[in-house]
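Here are the chains, one letter per residue:
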Amino acid sequence: MNEQLDHLISLFLLDSAAMSPQQADQLSEWIKQNPDNARTFILSALLHRNIHDTFLRADNARNVLLQCDPAASDAESLLNPEVWQMLSKAEMTAPTVADKQPEIPRPMLLDAQPARTFPRKINKYSLMTAIASLAALFFLIVFAHYTPLPQNQEVATLSDTIHAQWAESDAFFKPGLRLTAKSKSMMLRNGIAKLDFDNNTRVVIEAPSEFEIMDSDHIKIKYGRVYATVPPEAIGFTITTPNSKIIDLGTEFGVQTDPHGCTELHVIKGKTTLVAGGNNQKTSLQISQGFAKTISRSSQIADIPCSDTLFVRDIQSQNNVVWRGQPLDLADMVGGGNGLGTGKSNIGLRWDNGEFASTEDYYVGQRQNSTNLFIAAPDSLFINGIFSPDGSSGPVAISQDGGHLWQPPKTCGQYCYNINNSGLVSRGTGRIPGHLQSLGGQACGGTDYPAICIHPNAGITFDLEKIRALHSTLSLKSFTAQCGLSETVVHYAQQALPGYLPKASFYVLIDGQEKFAKENLTPAHGAVSIDIPIEPKDRFLTLVTTGGTEQKVSYDWCLFARPQLNPE
């Protein structure tokens, strides 16, 4: 190895960020030239990491070695493209090991004597022994990681199922069952199953599916739909299908394989390495977030659109949660649901006790006086409560614990109707016929355009902490909605009060702090967009409407349409 290549390897291991693209390409080409170059680089990389990292930490490079065929001994196995991609990533992301100089004790001063020099003799047998020991250590490490787990070793847990029916006895496949490597194929005929591997990888499998756990970080799918969420410590987790191998590079991805041997890969987060084809014609591609590929039975690869909601990402049978990555609908929660469509339509909350009630059974058509009291919602896991604000006497509580306050504007001190998800403005018993409200030209209240109706002066608070607790794998990114007054109000308001134009103000609070405020909106403003970031520390999300500055609430048909909590 010449001095220039030695410099490139050292630069890569010690400060890869300082490498130019040309230097990185030159090193990569040299590694792939022949097996000796590859072995030299691997040995340099392994020696660069200390023994502790090698044996005790979840080292990325070790995970790569596990992906190679244990039975293969030829150079092609070591030179597989995905090995180099992952080994390079492992070393680029590895922490720098600082050279710590040992402390040398100061010698005692003695009478100086003339120094005698002796020629240093190097024992070639000792040198050969040292080299052999290093080589043995290297191959011991490789052998240890090439060696698969023994059969029937427990590596994962069946953590949850929903409506699962198995080819074996359903009584055997209960949540909590420990699963072993290389025991036998499992066939899920109906329902959904969630597997938690011991390395913290989560795999959700949808029926019909047949699969086998091959190792602590490897699952084989004969057919079916699988979604894997892989944490950083488990990088290298692998899913194999009849015609492909997908190696995780720190990501979330879904794999779908049909009984005819066609496979789809959808990368939702991070990156994966896709390997397809036989030993003589292997194709290796790195697939990034937002991209998807289809692999035909003959291993031909083609682009397809990436679907964010094709795969079930998580389940929680206790709360009837089947999550495919879609946003959480707050209008569904107002209907008693979990945000994923389990709620009912035409449901709202009672002002007297905070309980759910049908808009047919509970209707407040006459104005009531505000009390500024916060009314808890005992029937809901996610709604903390409701309130009717009036800032005349100071801040009001926007949470049940009273720990979060907000200073609202002065209002007329009254409210009308209840907070609901019906989209209806009236039951049709008075001078206003019952009809669906509209915003931005769309009728509100249906599944296509869900909405929360909040007639001033009123507010509702959602508990983000409890929402996160239900969806344990969900990281909330933002709250989005469209707000405004129903466009249908103009006709009826003009009929009853000629020349009157309703006005209302809209607010969104996070832990009592205003994050959005639009005052004195009229129907002419149309749908106003809301997009508010949500941080992990945020606890309460509050939606409020009040009358405009004239403090009137007549015909203030206020809407928060398509109110969503969006995941990362």
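Rules and cut-offs
Residues numbered from 1 in each chain as written. Predicted model: local features only at pLDDT ≥ 70, side-chain atom pairs only at ≥ 80, totals over all residues. Heavy atoms only, no water. Salt bridge = Lys/Arg side-chain N within 4 Å of Asp/Glu carboxyl O. Helix = DSSP H or I, 4+ residues; strand = E, 2+ residues; numbered from the N terminus. Buried < 20%, exposed > 50% of the residue type's maximum accessible area, 1.4 Å probe, protein only. Polar contact = N/O pair within 3.5 Å; in protein donor to acceptor, adjacent residues only side chain to side chain. Contact = heavy atoms within 4.5 Å. Pairing = 2+ DSSP bridges. Phe/Tyr/Trp six-rings, centres within 6.5 Å; stacked < 30°, edge-to-face > 60°. Lys NZ or Arg CZ within 6 Å of the ring centre and 35° of its normal. pLDDT = per-residue confidence, 0-100. Core = buried A, V, L, I, M, F, W, Y, C linked by side-chain atoms within 4.5 Å. Lys, Arg positive; Asp, Glu negative; His and termini not counted.

**A closer look at the pattern of salt bridges**
Here is step 1: Summed over all chains, the structure comprises 12 salt bridges.
Here is step 2: Glutamate 154 is the partner of arginine 178 in a salt bridge, and the nearest nitrogen-oxygen pair spans 3.2 Å. Highlighted residues: arginine 178 in strand E2 (residues 177-180) and glutamate 154 in strand E1 (residues 154-166), separated in sequence by 24 residues.
Here is step 3: What makes arginine 178 partly exposed here is its relative accessible area of 29%.
Here is step 4: For glutamate 154, a relative accessible area of 43% gives the class partly exposed.
Here is step 5: Close ionic contact of aspartate 198 with arginine 178 constitutes a salt bridge, the shortest N to O distance being 2.9 Å. Residue aspartate 198 is located in the loop between strand E3 (186-197) and strand E4 (202-215), and its partner arginine 178 is located in strand E2; the two are separated by 20 residues in the primary sequence.
Here is step 6: Look at the salt bridges and you will find they share partners, linking Glu154, Arg178 and Asp198 into a network.

**Focus: the side chain of aspartate 538**
Here is step 1: Note that aspartate 538 resides in the loop between strand E32 (528-533) and strand E33 (540-547).
Here is step 2: A polar contact is formed between the side chain of aspartate 538 and the backbone nitrogen of glutamate 535, at a distance of 2.7 Å.
Here is step 3: With sequence-adjacent residues up to four places away left out, aspartate 538 is seen in contact with Leu464, Arg468, Ile510, Asp511 and Pro533.

**Points about the pairing of E4**
Here is step 1: Counting buried residues in E4 gives 12 out of 14 residues, a clear majority hidden from the surface.
Here is step 2: The pairing of E3 with E4 spans eight bridges and is antiparallel. When the sheet's bridge partners are listed, aspartate 196 is paired in E4 with arginine 202.
Here is step 3: Connecting E3 to the antiparallel partner E4 that follows it, the hairpin turn spans four residues, and asparagine 200 within it adopts a positive phi of roughly 80°.
Here is step 4: Bridge analysis of E4 against strand E5 (residues 218-229) gives 10 bridges, and the strand direction is antiparallel. Note that in E5 the partner of phenylalanine 211 across the bridge is isoleucine 221.
Here is step 5: Between E4 and E5, which pair antiparallel one after the other, the connecting turn spans two residues.

**Section: the packing of aromatic side chains**
Here is step 1: In total, this model carries 11 aromatic pairs according to the counting rule given.
Here is step 2: With centroids separated by 4.3 Å and ring planes inclined at 15°, the aromatic side chains of tryptophan 166 and phenylalanine 173 adopt a geometry described as stacked. The burial state of tryptophan 166 is the same as that of phenylalanine 173; both residues are buried.
Here is step 3: Taken together, a centroid distance of 6.3 Å and an interplanar angle of 40° make the contact between tyrosine 227 and phenylalanine 311 tilted. Here the residue tyrosine 227 occupies a position in strand E5, and phenylalanine 311 occupies one in the loop between strand E13 (301-304) and strand E14 (314-316), the gap between them amounting to 84 residues. Comparing tyrosine 227 with phenylalanine 311, the two get one shared label, buried.
Here is step 4: Taken together, the aromatic side chains of Trp166, Phe172, Phe173 and Phe211 make up a single cluster linked through ring pairs.
Here is step 5: Lying over the aromatic face of phenylalanine 311, arginine 225 brings its terminal NZ or CZ to 5.9 Å of the ring centre.
Here is step 6: Above the face of the tryptophan 323 ring, arginine 313 is positioned so that its terminal group lies 5.4 Å from the ring centre.

**Quick word on the confidence of the model for the chain**
Here is step 1: Taken as a whole, the chain shows an average pLDDT of 82; of its residues, 78% reach a score of 70 or greater.
Here is step 2: For the chain, per-element mean pLDDT is lowest for helix H4 (residues 51-56), which scores 38, and highest for E32, which scores 98.
Here is step 3: Confidence over residues 49-81 falls short of pLDDT 50; this stretch has 65 contacts with residues more than four positions distant or in other chains.
Here is step 4: Across residues 139-146, where pLDDT falls below 50, the model places 11 contacts with residues more than four positions away in sequence or in other chains.

**A few points about the nonpolar core**
Here is step 1: Core analysis: the largest hydrophobic core is formed by 49 residues, its most contacted members being Ile460, Phe479 and Leu565.
Here is step 2: In terms of residue count, strand E29 (residues 476-485) provides more of this core than any other element does, five residues in total.
Here is step 3: If sequence neighbours within four positions are ignored, leucine 565 has contacts with Pro327, Leu328, Leu330, Leu464, Ile467, Leu476, Ser478, Phe479, Ile534 and Leu541.
Here is step 4: Counting 35 residues, the second largest nonpolar core, distinct from the first, contains Leu158, Ile213, Ile246 and Ile287.

**Concerning the side chain of glutamate 212**
Here is step 1: Of note, glutamate 212 is situated in strand E4.
Here is step 2: Of the side chains with opposite charge, lysine 220 lies nearest to the buried glutamate 212, which makes no salt bridge, at 5.3 Å.
Here is step 3: In this structure, glutamate 212 is in contact with Lys182, Lys184, Ser185, Ile219 and Lys220, ignoring residues within four places of it in sequence.

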